[in-house]
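Below, each chain spelled out in residue letters.
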Amino acid sequence: MTNVYFELTREFNQLGPAAALSSGQAVVYYRLAIMSKDGDWIVRDAPEPCAHVRSVLSRHGALHRPSAPLDVRWLGGGWSSHFEYYDVDERRIRCDFVSRPPRVSAETLTAMFRGQSAGQPFLVVDRDTLIRLKQTGRAKDYAVIGELARQLPPDQEVEWTTDIDRILALSVIVNRPSSRPSVQAAQRGAGRAAVVAALALEIDELQQSDRRRLAVYQRAAEPYLNEFRRMALDRLPVEQAHEHACRLAEALLPQRPTEE
Amino acid sequence: MKAVRMLSEDDLNLSELTDDELVRAWNLWFDVAQSTNEWDPPYSHGVFADVDGAPSPVSTNEDPI
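Residues numbered from 1 in each chain as written. Chains lettered and ligands numbered in written order. Predicted model: local features only at pLDDT ≥ 70, side-chain atom pairs only at ≥ 80, totals over all residues. Heavy atoms only, no water.

S.K.: I'd like a description of unusual backbone geometry, backed by residues and values.
M.R.: Residues and elements named next belong to chain A. One non-glycine residue, Ser-36, lies in positive phi territory at about 75°. Topologically, Ser-36 is positioned in the loop between helix 2 (23-29) and strand 2 (38-43). In the Ramachandran plot, Arg-103 falls in the positive-phi region, its phi being about 70° despite a non-glycine side chain. (Helix = DSSP H or I, 4+ residues; strand = E, 2+ residues; numbered from the N terminus.)

Take a look at the structure:
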């Protein structure tokens, strides 16, 4: 018995580092929770890994859900590409891809695709990267961040934790400056209420920042998505859908909407 | 004061499961979770998260394009 998303990760990386398991299934991998009906991957920002991933999806009979093409021209601008198929047990398998996720540096991505770490059964994002991915507009992701941070050494945990009690405890142990207002408040002995307020503001700013980012993409996507659905590209085999989606995207989907 | 954890004591033994036990537990959950598929949002997160992810309408024309 396997986890279908773990197994897909092995398939995606059969020819070399191509796609790192991320988000909810990475949370499962790190044994924080049993969760996530979908699989998410960061795909290497190059044509060959994108082509290989598409071929794997094609073998599974996947369909291209209304979304950007799995192509570096759009993935490189922060778009995501989504697919779906049903396995032999009729379970819905959803596969989502990005190559330039928010808040993750190009250097981190380059290092990620040098290959999996010793002892890892397949390529999966590290905890630091996973925490950055989880700094979304969704409140539930911040509880996950707090639990992920617990798996880090104290001097790193204090820079990420969303747990007020851990901030208060670690600010006494970790004796170095922090850029976080909540940790600064704890370190100067501002009192619990002040630290709670600072933490709430930190999280709210992260959430609002991600929502502002998403709003740009959502406005830019509308003409393309409407036409994608009208053309029913989500009922075509993957490679055929991809060909049409790219032609459509060349006309209607700005490659880098945040720069326009 | 003990910090409040995201998971209960029973859930926290995930770290003590063997790889095989973890996979079995996840598959059991995934199988049960299939029952809610039709109520899931089109996209769980990402740039399309708040977009209508409805599939293309079914038409009498069998050739999509």
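S.K.: Give me the nonpolar core: which residues, what numbers.
M.R.: Formed by 62 residues in total, the largest nonpolar core has its most connected members in Leu-8, Phe-12, Trp-41, Leu-57, Cys-95 and Phe-97 of chain A. Discounting chain neighbours no more than four positions away, the residues touching Phe-97 of chain A are Phe-12, Trp-41, Val-43, Val-53, Leu-57, Leu-70, Leu-75, Trp-79, Ser-80, Ser-81 and Phe-83 of chain A. Trp-79, Met-231 and Leu-248 of chain A together with Tyr-43 of chain B belong to the second largest nonpolar core, which has 22 residues in total. (Core = buried A, V, L, I, M, F, W, Y, C linked by side-chain atoms within 4.5 Å. Buried < 20%, exposed > 50% of the residue type's maximum accessible area, 1.4 Å probe, protein only. Contact = heavy atoms within 4.5 Å.)

S.K.: Can you tell me about the interface of chain A and chain B, naming the residues and giving the values?
M.R.: If you look at the interface, chain A gives 53 residues, while chain B gives 45 residues. For the chain A and chain B pair, buried surface summed over both sides reaches about 4300 Å², with 58% attributable to carbon and sulfur atoms. At the junction of chain A with chain B, the criterion picks out four salt bridges. Note that Arg-31 of chain A and Asp-19 of chain B form a salt bridge whose closest N and O atoms lie 2.7 Å from each other. Counting the contacts that link chain A with chain B gives 18 residue pairs in polar contact (both at pLDDT 80 or more). Counting residues per element, the side of chain A that touches chain B draws most heavily on helix 11 (residues 192-230) of chain A, which supplies eight residues. Taken together, the residues of the side of chain A that touches chain B break down into 22 nonpolar, 11 polar and 20 charged. (Buried area = accessible area lost by both parts, 1.4 Å probe. Salt bridge = Lys/Arg side-chain N within 4 Å of Asp/Glu carboxyl O. Polar contact = N/O pair within 3.5 Å; in protein donor to acceptor, adjacent residues only side chain to side chain. Nonpolar A, V, L, I, M, F, W, Y, C, P; charged D, E, K, R; others polar.)

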